[in-house]
Amino acid sequence: MKTGIIVTLAWRNLWRNYRRTLIMLLAIVLGVWAMIFMTAMMRGMVDDMLESGIRHLPGHAQLHHPLYRDDPNIVNSVPQLTNHQLKQLQNPAVHQWTSRLKVPAVISSEREVRGIVLLGVQPQSEAAMAFDISQVKEGRWLESDVDKGIVIGAKLAERLETRLGKRVVIMSQDEKNTIAERGFRIVGVYHSNDVALLEELNVYAALGTVQSLLAVEGKVSEIAFNGEDYRNTQPLMAWLKQTDLVLSGGELLPWHEVDSYLGTMMRVMDGFVIVWVLIIFLALSFGLVNTLVMAVFERVREIGLMQALGMKPTLILVQVVCEAFFLLLIGLLAGNALALLTIVPFQSGINISAVSQGMEMFGANSVLYPALKLKDVVVANVVVIVLGVAASILPAWRAASYDPIVALNKN
């Protein structure tokens, strides 16, 4: 019975000064909206950068020579997978895999010379796992492991002042530290959908052709694997460790260890969500406490009368906390609804091509896809409720600590 009365009093007191309540509600709604909306925007941008970075080469896990990360030399290669190892990869934990020979090289046209990364790839598995062949706007993608052509980026073609069908010369270093060179015909030109800088760097050729050029038949620089989820590589790593992939002396690592920058980015983003929510709430808390303190000051004599009639200080404290809880709850419901209404229409992407050059420096796409995660929404709501109720304890305690005689005589 007492609980029902306290809740009723708290609800009615909340609307006694409805203008102040509505102003505070507006602040809470905008704060919650900012928490969720901006988190979704940042999460979408970072997730896109992570997925793009993982897709452009590390995969979810990678096998390479133990010295390869420190010295990406052709000498630090690993043997290609055997038929026995290929059979071991036929497991639900392993969704895709591909082998690559990745070496620094120089490409020269009739007019210009550029440093590049030469990627000898298996065309079918590379297209299925990493390279989107729809990016090839001119010509074609590689057709087999012994294709004699190369696929270059549009920006690189522009820098070299060359085009589809032209011949270029690629030079690199073989295992004997001698210069190996060969002429290639450009059979495809691609436009990167993710990071335009890759167009100037990555040149794709058939794995068998590059192995022949560098005299390293049967060897590759890395073998990349994809599992179910890049955020949870445990099932994939657990299965790969059960196979004999590492028996040949290779080093098997998850993507966040292969590319520490991407791994750090994911951890920073996860921490950013909490920090961002706390910063927004800190601004909200001043308004919340001020609203409750003013409500208590306005009702000093009323609180004194309730104490004189026998209401315990604990019930007065609960009443003020209930007012804060109702205020926060209404604000959260409206804030969540507003965030949902503003995020859903942008699920198809927000074009930020006006600042695309700046975004490319961070490895981000020119189209931003907001990512609304249930975990982020729950964190924002829990932080607002828990810390909001905690912030209301100070004015509630003040109200409960009034002396009835002093309160009744207060003007």
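My aim in this report is to walk through the structure given alongside it, one point at a time. (Residues numbered from 1 in each chain as written. Predicted model: local features only at pLDDT ≥ 70, side-chain atom pairs only at ≥ 80, totals over all residues. Heavy atoms only, no water.)

1. Considerations on the overall build of the protein
Here is step 1 of the chain: Helix and strand counts for the protein come out as 14 helices and 14 strands.
Here is step 2 of the chain: Taking as baseline every contact in the protein between residues at least 6 positions apart, the subset at least 24 positions apart corresponds to 79%. (Helix = DSSP H or I, 4+ residues; strand = E, 2+ residues; numbered from the N terminus. Contact = heavy atoms within 4.5 Å.)

2. With respect to the side chain of Ser108
Here is step 1 of the chain: Note on placement: Ser108 falls in strand 3 (residues 96–108).
Here is step 2 of the chain: Here Ser108 falls in the buried class, since its relative accessible area comes to 15%.
Here is step 3 of the chain: Residues in contact with Ser108, not counting those within four places in the same chain, are Val113, Val168 and Val169. (Buried < 20%, exposed > 50% of the residue type's maximum accessible area, 1.4 Å probe, protein only.)

3. Regarding the pairing of strand 7 (residues 167–173)
Here is step 1 of the chain: Along strand 7, the buried face is formed by Val168, Ile170 and Ser172; none of Arg167, Val169, Met171 and Gln173, which line the opposite face, is buried.
Here is step 2 of the chain: Summarising the sheet, strand 3 and strand 7 pair through three bridges and their orientation is antiparallel. Residue Val106 lies in a different strand from strand 7, and its bridge partner there is Met171.
Here is step 3 of the chain: Here strand 7 pairs with strand 8 (residues 179–190) via seven bridges, running antiparallel. Looking across to strand 8, one finds that Gln173 is bridged to Ile179. (Pairing = 2+ DSSP bridges.)

4. Let's talk about the pairing of strand 3
Here is step 1 of the chain: Alignment of strand 3 against strand 11 (residues 222–226), held across five bridges, turns out to be antiparallel. In the sheet register, Ser99 faces strand 11, and the bridge partner there is Ile223.
Here is step 2 of the chain: Linking two consecutive strands that pair antiparallel, namely strand 3 and strand 4 (residues 113–121), is a turn of four residues.

5. Quick word on the nonpolar core
Here is step 1 of the chain: In terms of nonpolar packing, the biggest core is built from 40 residues, with Leu118, Ile150, Ile170, Leu214, Phe225 and Leu240 touching the most fellow members.
Here is step 2 of the chain: Not counting the four nearest positions on each side in its chain, Ile150 is found in contact with Ile107, Leu142, Val168, Ile170, Phe184, Arg185, Ile186, Val187, Gly188, Val203, Tyr204 and Ala205.
Here is step 3 of the chain: Of all hydrophobic cores here, the second largest spans 28 residues; its members include Leu284, Leu327, Ala339 and Val384. (Core = buried A, V, L, I, M, F, W, Y, C linked by side-chain atoms within 4.5 Å.)

6. Quick word on the pattern of salt bridges
Here is step 1 of the chain: For the structure shown, the criterion picks out eight salt bridges.
Here is step 2 of the chain: Arg111 is the salt-bridge partner of Glu161, the closest N and O atoms lying 3.7 Å from each other. Of this pair, Glu161 sits in the loop between helix 5 (154–160) and strand 7 while Arg111 sits in the loop between strand 3 and strand 4; the two residues are 50 residues apart in sequence, bridging distant segments of the chain.
Here is step 3 of the chain: Here Glu161 falls in the partly exposed class, since its relative accessible area comes to 46%.
Here is step 4 of the chain: Looking at Arg111, the relative accessible area reads 55%, which means it is exposed.
Here is step 5 of the chain: Between Arg140 and Glu143 there is a salt bridge, and its shortest N-O distance comes to 3.7 Å. (Salt bridge = Lys/Arg side-chain N within 4 Å of Asp/Glu carboxyl O.)

7. Points about unusual backbone geometry
Here is step 1 of the chain: Positive phi is not limited to glycine here, since Glu161 has a value of about 55 degrees.
Here is step 2 of the chain: A positive phi angle, near 65 degrees, is found at Asn177, a position not held by glycine.
Here is step 3 of the chain: For Asn177, the position within the fold is in the loop between strand 7 and strand 8.

8. Re helix 7 (residues 234–242)
Here is step 1 of the chain: Along helix 7, the residues classified as buried are Leu236, Met237 and Leu240. Looking straight down helix 7, one finds its buried side chains confined to an arc of 95 degrees; they lie on one side. Structural note: helix 7 exposes Gln234 and Gln242 on the side pointing more than 90 degrees away from its buried face.
Here is step 2 of the chain: In this structure, the buried residues of helix 7 make contact with strand 1 (61–64), strand 11 and strand 12 (251–254). (Arc of directions from axis to C-beta.)

9. Focus: a nonpolar patch on the surface
Here is step 1 of the chain: On the surface, Ile274, Leu278, Leu374, Val378, Val382, Val386 and Leu387 cluster together into a nonpolar patch covering about 590 Å² of accessible area.
Here is step 2 of the chain: Within the residue set of the nonpolar patch, elements represented by two or more residues are helix 9 (260–298) and helix 13 (374–400).
Here is step 3 of the chain: Take the nonpolar patch: its biggest share by element is five residues, from helix 13.
Here is step 4 of the chain: Checked against the element boundaries, Leu387 lands in helix 13. (Patch = residues over 30% accessible without salt bridge, like charges linked within 9 Å, V, L, I, M, F, W, Y side chains within 5 Å. Areas by Shrake-Rupley, 256 points an atom, 1.4 Å probe, with all protein chains shown as cover.)

10. Thoughts on the packing of aromatic side chains
Here is step 1 of the chain: A complete count under the given rule lists nine aromatic pairs for this structure.
Here is step 2 of the chain: Plain terms: the ring middles of Trp141 and Tyr204 are 5.6 Å apart, the flat faces sit at 65 degrees to each other, and that makes the pair edge-to-face. With Trp141 in the loop between strand 5 (136–139) and strand 6 (149–153) and Tyr204 in strand 9 (residues 202–206), the pair connects residues that are 63 residues apart, well separated along the chain.
Here is step 3 of the chain: Note on Trp141: relative accessible area 11%, which makes it buried.
Here is step 4 of the chain: For Tyr204, a relative accessible area of 3% puts it in the buried group. (Phe/Tyr/Trp six-rings, centres within 6.5 Å; stacked < 30°, edge-to-face > 60°.)

11. As for the environment of Ser348
Here is step 1 of the chain: If you trace the backbone, Ser348 turns up in the loop between helix 11 (313–343) and strand 13 (350–351).
Here is step 2 of the chain: Ser348 sits in the exposed class, given a relative accessible area of 62%.
Here is step 3 of the chain: In this structure the C-alpha to C-alpha distance between Ser348 and Tyr369, which are 21 residues apart in sequence, comes to 6.7 Å.

12. Regarding the environment of Ala283
Here is step 1 of the chain: Position of Ala283 relative to the elements: it lies in helix 9.
Here is step 2 of the chain: Here Ala283 falls in the exposed class, since its relative accessible area comes to 57%.
Here is step 3 of the chain: Residues Ala283 and Ala27, 256 residues apart in the sequence, show an inter-C-alpha distance of 9.4 Å.

13. Focus on the environment of Asp376
Here is step 1 of the chain: Along the chain, Asp376 falls in helix 13.
Here is step 2 of the chain: Placed 333 residues apart in sequence, Asp376 and Arg43 show a C-alpha to C-alpha distance of 9.3 Å.
Here is step 3 of the chain: Setting aside anything within four residues of it in sequence, one finds Asp376 in contact with Thr39, Arg43 and Val273.
Here is step 4 of the chain: Within the structure, the side chain of Asp376 is placed 2.8 Å from the side chain of Arg43, a separation counted as a polar contact. (Polar contact = N/O pair within 3.5 Å; in protein donor to acceptor, adjacent residues only side chain to side chain.)

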